[in-house]
Amino acid sequence: VRYSRDEIYTYISCILVAVNPFKRINMYSSEFIELYRTAEDTQALEPHIFGVSAYAFQNLIQKQKPQAILISGESGAGKTENTKFVLLYVASVLKSDHGLE
C-alpha cells in the first residue's frame, strides 16, 4: 500500500528501509531539505533519507562526534541514488547554514 502511494521509505526502529520506486518521485527538492533541516525531531516527520542525513549532521555538529551512514542493498536497490541524496542534503545545509560552497 505504501509503495502504491510513492511512500518508499519506512523506519524499523532507527533503521531506514527504502524500496526502489523505479521512477522519479518529487521528494528531493529544496523544500524537503529545508523541512528536515529545520525540524526539531526528524523522527516525527515522514521517513526519508533526508531525515537520516539531518540526524547524522546534527549529531556531527552538536555532539562533535564522527557519524556514519550505512547504505546497503542488492544491485539496483538504489544505493547510489540514496548516497547522492545524502550528499545533496549535506551540501545544501553546509551552504545555507555555514556559507560554504
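Nothing here was measured: the structure is a model prediction, and the numbers come from that model. (Residues numbered from 1 in each chain as written. Predicted model: local features only at pLDDT ≥ 70, side-chain atom pairs only at ≥ 80, totals over all residues. Heavy atoms only, no water.)

## Examining the overall build of the chain
When helices and strands are tallied, the chain shows three helices and two strands. The C-alpha radius of gyration of the chain comes to 14 Å, within 12% of the 13 Å expected for a compact globule of 101 residues. Burial analysis of the chain (101 residues in total) assigns 29% to the buried set. Long-range contacts, defined here as pairs at least 24 residues apart, represent 42% of the contacts in the chain between residues at least 6 apart. With an accessible surface of roughly 7,100 Å², the chain has 56% of that area assigned to carbon and sulfur atoms. Each charge sign in the chain was given a centre, from 10 positive and 11 negative side chains, and these centres are 5 Å apart. (Helix = DSSP H or I, 4+ residues; strand = E, 2+ residues; numbered from the N terminus. Rg over C-alpha atoms; globule rule 2.2 N^0.38 Å. Buried < 20%, exposed > 50% of the residue type's maximum accessible area, 1.4 Å probe, protein only. Contact = heavy atoms within 4.5 Å. Areas by Shrake-Rupley, 256 points an atom, 1.4 Å probe, with all protein chains shown as cover. Lys, Arg positive; Asp, Glu negative; His and termini not counted. Charge placed at Lys NZ, Arg CZ, Asp CG, Glu CD.)

## Quick word on the packing of helix H1 (residues 30-38) against helix H2 (residues 49-62)
Between H1 and H2, the least distance of the axes is 9 Å, while the angle of their chain directions is 45°. Put simply, H1 runs oblique to H2. For the pair H1 and H2, the crossing hand works out as right-handed. Between H1, through Phe32, Ile33, Tyr36 and Arg37, and H2, the contact on the second element is made entirely by Phe50, Gly51, Ala54 and Gln58. (Axes fitted to C-alpha atoms, helices over the stretch in contact; angles between N-to-C directions. Parallel < 35°, antiparallel > 145°, perpendicular 65-115°, else oblique. Left-handed = near helix turned anticlockwise from the far one by under 90°.)

## Some details on the nonpolar core
Within the largest apolar cluster, 18 residues are counted, with the highest numbers of intra-cluster contacts made by Tyr9, Tyr28, Ile49, Phe50 and Tyr89. Residue assignment for this core shows that the elements contributing at least two residues are strand E1 (9-12), H1, H2 and helix H3 (79-98). If we ignore the near neighbours within four places in the chain, the residues touching Tyr9 are Arg2, Leu16, Val17, Ala18, Met27, Tyr28, Pro47, His48, Ile49, Asn82 and Phe85. (Core = buried A, V, L, I, M, F, W, Y, C linked by side-chain atoms within 4.5 Å.)

## Quick notes on the environment of Leu94
Its place among the elements puts Leu94 in helix H3. Given a relative accessible area of 26%, Leu94 falls into the partly exposed group. In the structure, Leu94 is positioned 37 residues away from Phe57 in sequence and 9.7 Å away in space, judged by C-alpha atoms.

## Some thoughts on the pairing of E1
If a strand is regular, its side chains alternate between the two faces of the sheet. Burial along E1 is one-sided: Tyr9 and Tyr11 are buried, and none of Thr10 and Ile12, which face the opposite way, are. With four bridges connecting them, E1 and strand E2 (residues 15-18) associate as antiparallel partners. Bridge pairing in E2 places Ile12 opposite Ile15. Count of turn residues in the E1/E2 antiparallel hairpin: two residues, of which Ser13 carries a positive phi of about 60°. (Pairing = 2+ DSSP bridges.)

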